[in-house]
Amino acid sequence: MRKNSQKIKEMVAISSLGAIVAVLQYISMFIKFGPFNITLALTPIVVGAIIYGPKAGGILGFIMGLVVLLTNSEAFFVVNPIATIFLCILKSTVAGILAGYIYKWGKNKTVSTIISSVSMPIINTLIFAIGCLLFFVPTLREWAAGEDVLVYLFVTMIGLQFVVELVINSILSPIVIRLTEMFKK
């Protein structure tokens, strides 16, 4: 009976984090640095991945990917709908799973939390960049208007946005994890 109760608590917690991910990702549609939005939903994904494991990180990342797909993917969707769906879902799902494994494989909880928190925006952005280079180079070339495509992708599109996401997630995720541990005691 106790095991079922624990599973239900975990499902409720992951569902609650999923709702937070969806709301934060929706709100982030209105926060722009450069041509793209700052992703605020990375922190609850990392928190879920650390507390409940890689599977929870993947579920939460999948939720974020769906919200991105439904609210903020039209620029790429009109060019290549299949690649857009694949990329939106893949990048945050994989980043959530890997953040959970990075924490799980670490020896020191504090160091693992920090590395996991830093890895989430890096993995998410890296998969996005690879996807752009695989599926959307002609579109990037058009948007770059004569600028080098790689420079445009990594400096104009990703640059400041990535730095802001990295800083926010690197600070907030360890704080939330620490507060969660304090409340558990």
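In this report, the structure presented in the accompanying data block is examined. Keep in mind that what you see is a predicted model, and the values were worked out from it rather than measured. (Residues numbered from 1 in each chain as written. Predicted model: local features only at pLDDT ≥ 70, side-chain atom pairs only at ≥ 80, totals over all residues. Heavy atoms only, no water.)

## Re the pattern of salt bridges
Step number 1: A full pass over the atoms with the stated rule returns one salt bridge.
Step number 2: Residues Glu181 and Arg178 are paired through a salt bridge, measuring 3.7 Å at the closest nitrogen-oxygen approach. With Glu181 and Arg178 both in helix α9 (residues 159-184), this residue pair falls three residues apart, about one helical turn.
Step number 3: Classification of Arg178 as partly exposed rests on a relative accessible area of 44%. (Salt bridge = Lys/Arg side-chain N within 4 Å of Asp/Glu carboxyl O. Helix = DSSP H or I, 4+ residues; strand = E, 2+ residues; numbered from the N terminus. Buried < 20%, exposed > 50% of the residue type's maximum accessible area, 1.4 Å probe, protein only.)

## Brief notes about the packing of helix α6 (residues 109-135) against helix α8 (residues 149-157)
Step number 1: The interhelical angle for the contact between α6 and α8, taken along N-to-C directions, is 145°, at an axis separation of 11 Å. With respect to the hand of their crossing, α6 and α8 are arranged in right-handed fashion. On α8, the residues touching Phe128, Ala129, Cys132 and Leu133 of α6 are Leu150, Leu153, Phe154 and Met157. (Axes fitted to C-alpha atoms, helices over the stretch in contact; angles between N-to-C directions. Left-handed = near helix turned anticlockwise from the far one by under 90°. Contact = heavy atoms within 4.5 Å.)

## Observations concerning the nonpolar core
Step number 1: Among the nonpolar cores identified, the biggest contains 37 residues, and Met64, Met120, Phe128, Leu140, Leu153 and Met157 are the most heavily contacted of them.
Step number 2: Those elements that place two or more of their residues in this core are α1 (2-27), α2 (42-52), α3 (54-71), α5 (81-105), α6, α7 (137-144) and α8.
Step number 3: Excluding residues that lie within four positions of it along the chain, Leu140 makes contacts with Cys132, Val149, Tyr152, Leu153 and Met157. (Core = buried A, V, L, I, M, F, W, Y, C linked by side-chain atoms within 4.5 Å.)

## Focus on the packing of aromatic side chains
Step number 1: Under the counting rule described, the total for this entry stands at seven aromatic pairs.
Step number 2: Taking 4.4 Å as the distance between ring centres and 40° as the angle between the ring planes, the aromatic pair formed by Phe76 and Phe136 counts as tilted. Of this pair, Phe76 sits in helix α4 (residues 74-77) while Phe136 is found in the loop between α6 and α7, placing the two residues 60 residues apart along the sequence. Across this residue pair, the class does not change: Phe76 and Phe136 are buried.
Step number 3: Ring centres of Phe86 and Phe135 lie 6.4 Å apart, and the angle between their planes is 85°; on these two criteria the pair is classed as edge-to-face. With Phe86 in helix α5 and Phe135 in helix α6, this residue pair connects regions lying 49 residues apart in the sequence.
Step number 4: By relative accessible area, Phe86 is classed as partly exposed at 46%.
Step number 5: An aromatic cluster is built from Phe76, Phe86, Phe128, Phe135, Phe136 and Trp143, whose rings are joined through pairwise contacts. (Phe/Tyr/Trp six-rings, centres within 6.5 Å; stacked < 30°, edge-to-face > 60°.)

## Some details on the environment of Ser119
Step number 1: Looking at the secondary structure, you find Ser119 in helix α6.
Step number 2: Spatially, the C-alpha atoms of Ser119 and Gly96 are 9.4 Å apart, while their sequence positions differ by 23 residues.
Step number 3: A distance of 2.8 Å separates a polar side-chain atom of Ser119 from the backbone oxygen of Ser116. (Polar contact = N/O pair within 3.5 Å; in protein donor to acceptor, adjacent residues only side chain to side chain.)

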